[in-house]
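# Architecture and fold: a report
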Amino acid sequence: MPIWLEAGAWGLLAGGALVVGALIAWFVRVPRPVVASVMAFGSGVLISALSFDLVDEAEKTGGLVPTVAGALGGAVVYVAANVALARRGAQHRKRSQDQQPSEDEQAGSGSAIAIGALLDGVPESVVLGVSLLGGGGVGVPVLAAIFISNLPEGLSSAAGMKRSGRSARYVFGVWIGIAVASGVAALVGNLVLEGAPDETIAAITAIAAGAILAMVADTMIPEAFEKTHLYAGLIATVGFLTAFAIGRM
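Quick look at the structure, then. Because the structure is predicted, anything quoted here is derived from the model rather than measured. (Residues numbered from 1 in each chain as written. Predicted model: local features only at pLDDT ≥ 70, side-chain atom pairs only at ≥ 80, totals over all residues. Heavy atoms only, no water.)

Counting secondary structure elements, the protein contains eight helices and zero strands. Ordered by position in the sequence, the α and β elements of the protein form the string α-α-α-α-α-α-α-α. Split into buried and exposed, the 249 residues of the protein put 47% on the buried side. Long-range pairs, those at least 24 residues apart, make up 84% of the contacts in the protein with a sequence separation of at least 6. (Helix = DSSP H or I, 4+ residues; strand = E, 2+ residues; numbered from the N terminus. Buried < 20%, exposed > 50% of the residue type's maximum accessible area, 1.4 Å probe, protein only. Contact = heavy atoms within 4.5 Å.)

Here the focus is empty space enclosed by the protein. One pass over the full model with this rule turns up two cavities of 30 Å³ or more. The wall of the second largest cavity is formed by Gly11, Ala14, Gly15, Gly121, Glu124, Ser125, Leu128, Ile146, Asn150 and Ser182. Taken together, the elements giving at least two residues each to the lining of the second largest cavity come down to helix H1 (3-27), helix H4 (109-131) and helix H5 (140-163). Tallying contributions element by element places H4 first for the lining of the second largest cavity, with four residues. (1 Å grid on protein atoms, 1.4 Å probe; cavity = no way out; pocket = protein on both sides within 12 Å on 5 of 7 lines; lining within 4 Å. Points joined across faces, edges and corners; volume = space filled by probe spheres on them.)

Moving on, we come to the environment of Phe147. Looking at the secondary structure, you find Phe147 in helix H5. Beyond its immediate chain neighbours, meaning those up to four positions away, Phe147 contacts Leu13, Ala14 and Ala17.

Generally speaking, soluble globular proteins have nonpolar side chains that are buried together. One finds Leu46, Leu54, Leu128, Ile212 and Met215 to be the most contacted residues of the largest nonpolar core, which totals 29 residues. Within the residue set of this core, elements represented by two or more residues are H1, helix H2 (32-62), helix H3 (64-90), H4, H5 and helix H7 (198-228). In terms of residues, this core owes the most to one element, H7, which gives nine residues. Apart from the residues lying within four places of it in its own chain, the contact partners of Ile212 are Leu46, Leu50, Leu54, Pro123, Glu124 and Val127. By size, the runner-up hydrophobic cluster in this structure holds 17 residues, among which are Val19, Ala22, Trp26 and Trp175. (Core = buried A, V, L, I, M, F, W, Y, C linked by side-chain atoms within 4.5 Å.)

With that settled, consider the pattern of salt bridges. Enumeration according to the criterion identifies one salt bridge in this entry. The partner of Lys60 in a salt bridge is Asp56, with the nearest N and O atoms 3.2 Å apart. Of the two residues, Lys60 and Asp56 are both situated in helix H2; the distance of four residues between them amounts to about one turn of the helix. We classify Lys60 as exposed; its relative accessible area is 60%. (Salt bridge = Lys/Arg side-chain N within 4 Å of Asp/Glu carboxyl O.)

In this section: the packing of H2 against H7. For the pair H2 and H7, interaxial distance at closest approach is 8 Å and the crossing angle is 160°. Considered as vectors, H2 and H7 are oriented roughly antiparallel to each other. Crossing hand, H2 versus H7: left-handed. Looking at side-chain class alone, the contact of H2 with H7 contains 21 nonpolar, seven polar and six charged residues. (Axes fitted to C-alpha atoms, helices over the stretch in contact; angles between N-to-C directions. Parallel < 35°, antiparallel > 145°, perpendicular 65-115°, else oblique. Left-handed = near helix turned anticlockwise from the far one by under 90°. Nonpolar A, V, L, I, M, F, W, Y, C, P; charged D, E, K, R; others polar.)

Here's what the structure looks like:
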């Protein structure tokens, strides 16, 4: 199988966790503390993957200054886009309760939430595609981190969509679309960056890492803390150490 096609398949698999989470939320009433706990765990997993598999690798390849600049740039771009989407009703897109507005309450919020979900998923998928460029196969810690974090993301957000009165067609249209877009982003990232200088790949990795870290802090941790409170830090630490152990096996 061509590497670019393999990248697309891994991106689709990781994005598919969003659909699985949405299916669970639609048909099963999962207690909110459970959702929040899994979200905290997923946050820790992603932070670990960022620390040991993305930023560290980018710094070793491209140097400290490009890595810091890239990560900061990725975070700035993500936050700027997130602020714009929040003003259109997507601020609470990963919340499982009543925070998400309905279309009647804020026109255009459905589109903003869908675009926000895409914004959250693309950097992760590009990183997956890039991880295959070294010829050593997909980065297992990164893949595991994205899959584990996507499951509660899809679950929590879909629960919130359902509570705000959005239809099954909308909910599953969004998440299936994001899963497909994740596969495409991984595929395109692999194709475009094939043969690129190591410094370029390091910069792209750092940009994606910065965007992912901003996403975790802006959208995942608030939902996790709201119901787990003082336990959120402990659960996130367990997630962090789990991902770290996977990376060292």
